[in-house]
Amino acid sequence: MDKPFLIAQITDPHIKAGGKLSYRQVDTARALTQAIDTLNALTPRPDLVLISGDLVDFGHPEEYATFTRLTEALTRPFYVIPGNHDHRANLREALESHRYLFQHPEYLHWVIDDYPIRLIGLDTLVTGKPHGELDAASLAWLEATLAKRPDTPTLVMLHHHPFVSGIDHMDRQPLLDAGAFETVIARHPQVERVLCGHLHRSLQARFGGTLALSCPGVSHQVSLDLSMDGPAHFQLEPPGYLLHAYTPQSGLITHQGFIERYPGPYPFFDANGLID
């Protein structure tokens, strides 16, 4: 089998400036540094990294300056989309060298055709609101972009989840009118995955004839509470990442890893066989 093309996904860094803690609890700069160290140490190394939104906490220029400084440590190319905590103009200014962010005149939609699997990033940011939207013009852009390469395996990435997660306070701020987005995706069977962030948890759902996946956060996780009217809480559970491995023979296989030091690896077998 061919060597897989590896795409690492992290999400929701929520970077603050000046050592300030997010929600007065979370050292998000330290968490992103640990995530980058983890990805840099993977063997084999990912071919690229996707960061699926909420790069910073309040969209301030000094937060983006901190994010830019921290991500200089990444040894692989990386691509970003905005989340509801981001600010389009400040993001573009801080990541001016990321020319793909300037493909669309209004939104930060982009497409990358440089790899064995095609990458499409969508901007679902609604300024000042926690939910996400894709307007008619954005859906038309996505439709036309997908139609140009119908035989090329494709990843579509957006920040807001387009499915019902069951976490009540998060489902009040999803991608609105996700049905229209799903209709577009369903017309293009080359879409291998729809990737999102926002939920700060690992979830999987059937969506538009493919799979929609959310990525765990790199620092804090949204509490797993499936009760109606559950409180908007987070927990310092182990952070994680997704590793998407693509080969033409197998398509896309997604693994979850953890950003934490832990014992191992240990062998299953010794010279006598399976260890007893």
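Residues numbered from 1 in each chain as written. Predicted model: local features only at pLDDT ≥ 70, side-chain atom pairs only at ≥ 80, totals over all residues. Heavy atoms only, no water.

1. Examining the environment of Asp54
- As for its position among the elements, Asp54 is in the loop between strand E2 (48–52) and helix H2 (61–71).
- When the C-alpha atoms of Asp54 and Asp276 are compared, they prove to be 47 Å apart, with 222 residues separating the residues in sequence.
- Polar side-chain contacts of Asp54 include one of 3.0 Å to the backbone nitrogen of Asn84. (Helix = DSSP H or I, 4+ residues; strand = E, 2+ residues; numbered from the N terminus. Polar contact = N/O pair within 3.5 Å; in protein donor to acceptor, adjacent residues only side chain to side chain.)

2. Overview of the packing of helix H4 (residues 136–148) against helix H6 (residues 178–186)
- Remark: H4 packs on H6, axes separated minimally by 10 Å, with the N-to-C direction vectors making an angle of 10°. Here H4 is positioned roughly parallel relative to H6, judged by the angle of their axes. Across the interface between the two elements, Leu139, Leu142, Glu143 and Leu146 from H4 touch Ala180, Phe181, Val184 and Ile185 from H6.
- Within the contact of H4 with H6, the residues separate by chemical class into seven nonpolar, no polar and one charged. (Axes fitted to C-alpha atoms, helices over the stretch in contact; angles between N-to-C directions. Parallel < 35°, antiparallel > 145°, perpendicular 65-115°, else oblique. Contact = heavy atoms within 4.5 Å. Nonpolar A, V, L, I, M, F, W, Y, C, P; charged D, E, K, R; others polar.)

3. As for the packing of aromatic side chains
- If you walk through the whole model with that rule in mind, you get eight aromatic pairs.
- Ring plane angle 75° and centroid distance 6.5 Å describe the contact between Phe67 and Phe78, whose orientation is recorded as edge-to-face. Of this pair, Phe67 sits in helix H2 while Phe78 sits in strand E3 (residues 78–81); the two residues are 11 residues apart in sequence, bridging distant segments of the chain.
- Ring geometry for Phe181 against Phe207: centres 5.5 Å apart, planes inclined by 40°, an arrangement best described as tilted. Here Phe207 lies in strand E8 (residues 203–207) and Phe181 lies in helix H6, a separation of 26 residues in the sequence. You'll find Phe181 and Phe207 in the same group, each marked buried.
- Through pairs of rings, three or more aromatic residues link up here, namely Phe5, Tyr79, Tyr100, Trp110 and Tyr115.
- Between the NZ or CZ atom of Arg92 and the centre of the ring of Phe102, over which it lies, the distance is 5.3 Å.
- The positively charged end of Arg99 is found above the aromatic ring belonging to Phe102, 4.2 Å away from the centroid. (Phe/Tyr/Trp six-rings, centres within 6.5 Å; stacked < 30°, edge-to-face > 60°. Buried < 20%, exposed > 50% of the residue type's maximum accessible area, 1.4 Å probe, protein only. Lys NZ or Arg CZ within 6 Å of the ring centre and 35° of its normal.)

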